[in-house]
Each structure stands twice: as structure tokens, then as C-alpha cells.
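Structural description and commentary
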Amino acid sequence: MKNSEVLIRAYDLADKPMLSAIWYDASQSVHAFLGEALLTEHRQLVEDVYLDQAETWVACLYEKPVGFIGLLDHFIGGLFIA
């Protein structure tokens, strides 16, 4: 799917560092009350489990990932935008 300069494509293993950073930055903004230690622990879960197990789609702007959605069966497991 293409809309202007935004391209939505399937997740690739090479996306993991950038998507992890997007997830962490967004989580710090909206879940800062959880604390850095817990967010860092959850970040590891995102990297080791959720990105690979969910059906993940990546939004790219000029070929750079700027957001993603993780689908679990018929549900949105997470939606994160830089």
C-alpha cells in the first residue's frame, strides 16, 4: 500500500532495532510512570518475542521506519508511531 511518501510493508528482521527504539520512545512518553527499569525489561520482550511472533507491518517514510502495528489473530496487539 502506498500513500504519498509513506509505504506500508511487512516486517523484516533488519527492522528490529528501529522498531524497538520507536516502541521505547513511545512507551516512555505515555507510560513513564512504569519506570525505566520496567520499560527496559519490556523492551527486551518486544525484541525477543512480540516483533517476531505478531504479524507486524511497518510504516516507512522515505524508506525509513516511522511506525508499526502488531496484529495478534484478529486483534491489534500494538500500534506505535515515532
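Heads up: the structure comes first, above all this text.
Description of the structure in this document. (Residues numbered from 1 in each chain as written. Predicted model: local features only at pLDDT ≥ 70, side-chain atom pairs only at ≥ 80, totals over all residues. Heavy atoms only, no water.)

A few points about the nonpolar core
Among the nonpolar cores identified, the biggest contains 13 residues, and L19, W23, L51, F68 and F80 are the most heavily contacted of them. Taken together, the elements giving at least two residues each to this core come down to α1 (16–30), α2 (36–53) and β3 (55–61). No other element matches the 5 residues that α1 contributes to this core. When sequence neighbours within four positions are dropped, the list of residues in contact with L19 reads Y11, L51, T56, V58, P65, G67 and F68. (Core = buried A, V, L, I, M, F, W, Y, C linked by side-chain atoms within 4.5 Å. Buried < 20%, exposed > 50% of the residue type's maximum accessible area, 1.4 Å probe, protein only. Helix = DSSP H or I, 4+ residues; strand = E, 2+ residues; numbered from the N terminus. Contact = heavy atoms within 4.5 Å.)

Description of the environment of Q53
Structurally, the position occupied by Q53 is in helix α2. Exposure remark for Q53: the relative accessible area of 64% places this residue in the exposed category. Note: C-alpha distance between Q53 and I8 (45 residues apart in sequence) is 19 Å.

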